[in-house]
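# Structure at a glance
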Amino acid sequence: LTPEQLNRFDRDGVLLPMKGISRAKASEYRELIEESERRENSSGNSLFLNGHLKHEWQHGLATNPRILDAIQDLIGPDIFIWKCQLWIKEQNSNSFVGWHQDAAYWGLDPPDCVNVWLALSDVKPNNGPMQLLRGSHVEPLFEHEDRYDAANLLTRGQVIPELQDLGNVDPARLVSAVLSPGEYSVHHLCTAHGGGPNEGADRRIGFNITYAPSTVRSVRPEGAYAMLVRGKDMFQHFVLDPAPKQSQDPNQARLHQAGYEAKMSGMASSIMDGADLSKFEKVSSERVNKNLPPHVKELAGNPATTSLASSILNQR
């Protein structure tokens, strides 16, 4: 990154657009996602939760050297992946992402992590692009409210009430992540962001990775899983997630699956700390057939696969 980019990130808490991969490569990844959706009759939002542990293509994208080089300039040489997932908004659905700050509920301390949001489709102004509030990463965290709204793609439907009506916000502080396939934005964990419904003619597909430096720890032990992807594990704050491997050994495969399930269960427990699980169970059921791809049939539905935290429902 250039000195100007570093200064801009320090000031605004966001950089965009950044060049990650080629448009052709982004199209290849989109095809992989949609092939899986057709085969599994499910949305990529649920199929690829923390898929960097299970799918070599997803791990390869999350560890792309060009992206890691930029992340290293922001957080230092020791880089962990705490989570990754897809954020897909289907065309003409009413699904949105409420305004929020990830640092308010993820339990990572200090919150000196960054989120990459890589476009795998065109993200135009009418596709419900992510919007971010410049400079919010250096201000006190906003008050959040859990609304358990099925149209809100966030786990507990959380919002920052004073930002949901953007008429109250200085337009000069708002930036929209309008991106071409292969471009990405990067923002600080404390940067407030959200986004409206996709009213365009195509799906909006984004690949999100949360990167943490070695100095960060989880304040909740159950959330202390991460994958070291560059540098050294200086402080042993995390149980280290294994990278995906194609193994013919069934014992190795079972161990890897057990590690994945432990991460998913622990992360769900951590990010849902303090939530109303009865309301969460209800809204997860309501989400089963919302925001589905056009090539996926209506689902009988498993509420425990509708969001990053829904696996917690298997523990009830």
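Here, the structure is the one placed above.
Cut-offs used in this document
- Residues numbered from 1 in each chain as written.
- Predicted model: local features only at pLDDT ≥ 70, side-chain atom pairs only at ≥ 80, totals over all residues.
- Heavy atoms only, no water.
- Helix = DSSP H or I, 4+ residues; strand = E, 2+ residues; numbered from the N terminus.
- Rg over C-alpha atoms; globule rule 2.2 N^0.38 Å.
- Buried < 20%, exposed > 50% of the residue type's maximum accessible area, 1.4 Å probe, protein only.
- Contact = heavy atoms within 4.5 Å.
- Areas by Shrake-Rupley, 256 points an atom, 1.4 Å probe, with all protein chains shown as cover.
- Salt bridge = Lys/Arg side-chain N within 4 Å of Asp/Glu carboxyl O.
- Pairing = 2+ DSSP bridges.
- Core = buried A, V, L, I, M, F, W, Y, C linked by side-chain atoms within 4.5 Å.

In this section: the overall build of the protein chain. Check the secondary structure of the protein chain and you find 8 helices and 15 strands. Relative to a compact globule of 316 residues, whose C-alpha radius of gyration would be 20 Å, the protein chain shows 18 Å and is just as compact. Across the 316 residues that make up the protein chain, the buried fraction comes to 55%. For the protein chain, contacts bridging at least 24 residues in sequence account for 82% of all contacts bridging at least 6. In the structure as shown, the protein chain presents an accessible area of about 13400 Å², 49% of it carried by carbon and sulfur atoms.

The subject of this paragraph is the pattern of salt bridges. Applying the stated criterion across every chain, the model contains 19 salt bridges. Between R30 and E34 there is a salt bridge, and its shortest N-O distance comes to 3.0 Å. One end of the pair, R30, and the other, E34, are both in helix 2 (residues 23-40), 4 residues apart, so they sit about a helical turn from each other. Side by side, R30 and E34 carry an identical accessibility label, which is buried. Between D202 and R30 there is a salt bridge, and its shortest N-O distance comes to 2.9 Å. Placement of the pair is D202 in the loop between strand 11 (193-195) and strand 12 (204-213) and R30 in helix 2, with a sequence separation of 172 residues. Residue class for D202 comes out partly exposed when judged on its relative accessible area of 31%. Among the charged side chains, a salt-bridge network with shared partners connects R30, E34, E37, E90, D202 and R203.

Moving on, we come to the environment of E31. Considering the arrangement of structural elements, one finds E31 in helix 2. Residue class for E31 comes out partly exposed when judged on its relative accessible area of 45%. A C-alpha to C-alpha distance of 29 Å links E31 and L132, two positions 101 residues apart in sequence.

In space, the 7 strands of this open sheet follow the order 1-10-5-12-2-14-15, with mixed pairing throughout. Strands with a single pairing partner mark the edges of an open sheet, and in this sheet they are strand 1 (14-19) and strand 15 (239-240). Relative to strand 14 (residues 225-230), strand 2 (residues 79-89) runs antiparallel, the two being bridged by 3 bridges. Bridged to I81 within strand 14 is M227.

Ranked by internal contacts, the top residues of the largest apolar core, which has 79 residues, are I71, V116, L120, F207, Y211 and I271. Residues contacting L120, with those up to four places away along its chain left out, are I21, A26, Y29, R30, I33, L61, P181, I205 and F207. With 7 residues, the next largest nonpolar core counts W99, L133, L163 and A192 among its residues.

Now for unusual backbone geometry. Here the residue pair L16 and P17 is connected by a cis peptide bond, since its omega of -10° sits within 30 degrees of zero. Inspection of the secondary structure assignment puts P17 in strand 1. Cis geometry is found at the peptide bond from D109 to P110, where omega equals -10°. In this structure, P110 sits in the loop between strand 4 (108-109) and strand 5 (114-119). Not every positive phi belongs to a glycine, and N50 is a case in point at roughly 50°. Structurally, the position occupied by N50 is in the loop between helix 3 (44-47) and helix 4 (56-62). A relative accessible area of 0% means that N50 is categorised as buried. In this structure, N92 is a non-glycine residue whose phi angle is positive, near 60°. Among the structural elements, N92 can be located in the loop between strand 2 and strand 3 (97-100).

Everything listed here is a matter of geometry and, on its own, says nothing about what the molecule does.
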